[in-house]
Amino acid sequence: MMRPLPEREPDVDRRWVVRVPPDPHLRFDTNDYSLDPNLVGRRVEVRVSQREITAVALDTGELACRHERCFAKNHTVTALEHARGACVSVAANQTPGWVVEQRPLAVYDRLIA
């Protein structure tokens, strides 16, 4: 006679802590999954189950990502809100216009002579 199954399934998820890199993606099993670009530089706990990949900021508990796990190889999975956030942060860090010094050509003529 077999014993009954336990009330709860055992927790077999993989977990680890990682700092969100400047290119906010994490790699698992040859695939890259996007993270919230607002969390760059902060530590998140990554949890990988058979169905999904989630990451939560350790200091605030914010959700950094929730993706359906991809079993294909060499894919990049990017959430739409992460892509939009990355575009906004890049645009905010750009200088509105470059100031280029213009010198008279006589300055260069003196250097050559």
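Residues numbered from 1 in each chain as written. Predicted model: local features only at pLDDT ≥ 70, side-chain atom pairs only at ≥ 80, totals over all residues. Heavy atoms only, no water.

### With respect to the pattern of salt bridges
According to the stated counting rule, one finds nine salt bridges in the structure shown. Notably, a salt bridge pairs Glu45 with Arg15, separated by 3.9 Å at the nearest N-O pair. Separated by 30 residues along the polypeptide, Glu45 in strand β4 (residues 43-48) and Arg15 in strand β1 (residues 14-19) bring together distant segments of the chain. Judged by its relative accessible area of 41%, Arg15 is partly exposed. The partner of Arg42 in a salt bridge is Glu62, and the shortest N-O contact between them spans 2.9 Å. Of the two residues, Arg42 sits in the loop between β3 (31-34) and β4 while Glu62 sits in the loop between β5 (52-57) and β6 (63-68), which places them 20 residues apart along the sequence. With relative accessibility at 23%, the residue Arg42 sits in the partly exposed group. Linked through salt bridges whose partners overlap, the residues forming this network are Asp11, Asp13, Arg15, Glu45 and Arg47. (Salt bridge = Lys/Arg side-chain N within 4 Å of Asp/Glu carboxyl O. Helix = DSSP H or I, 4+ residues; strand = E, 2+ residues; numbered from the N terminus. Buried < 20%, exposed > 50% of the residue type's maximum accessible area, 1.4 Å probe, protein only.)

### Quick look at the side chain of Ser34
Secondary-structure assignment places Ser34 in strand β3. Under the relative-accessibility criterion, Ser34 is labelled buried at 1%. Among the polar contacts made by the side chain of Ser34, one reaches the main-chain amide nitrogen of Ala79 at a distance of 3.0 Å. When neighbours within four sequence positions are excluded, Ser34 is seen to be in contact with Pro24, His25, Cys65, His67, Val77, Thr78, Ala79 and His82. (Polar contact = N/O pair within 3.5 Å; in protein donor to acceptor, adjacent residues only side chain to side chain. Contact = heavy atoms within 4.5 Å.)

### A closer look at the sheet that holds strand β7 (residues 76-77)
Judged by pairing direction, the sheet is mixed, and its three strands sit side by side in the order β2-β3-β7 without closing on themselves. Each edge of the sheet is formed by a strand with only one pairing partner; in this case those strands are β2 (25-28) and β7. (Pairing = 2+ DSSP bridges.)

### Some words on the side chain of Asp32
By the element assignment, Asp32 lies in strand β3. Here Arg27 takes part through its side chain, which lies 2.7 Å from a polar atom of the side chain of Asp32. The contacts of Asp32, once residues within four sequence positions are left out, are His25, Leu26, Arg27, His75, Thr76 and Val77.

### Considering unusual backbone geometry
In this structure, Asp29 takes a positive phi of about 55 degrees despite not being glycine. One can find Asp29 in the loop between β2 and β3. The residue Asn74 is not glycine, and still its phi comes out positive at about 60 degrees. Inspection of the secondary structure assignment puts Asn74 in the loop between β6 and β7. For Asn74, a relative accessible area of 63% translates into the label exposed.

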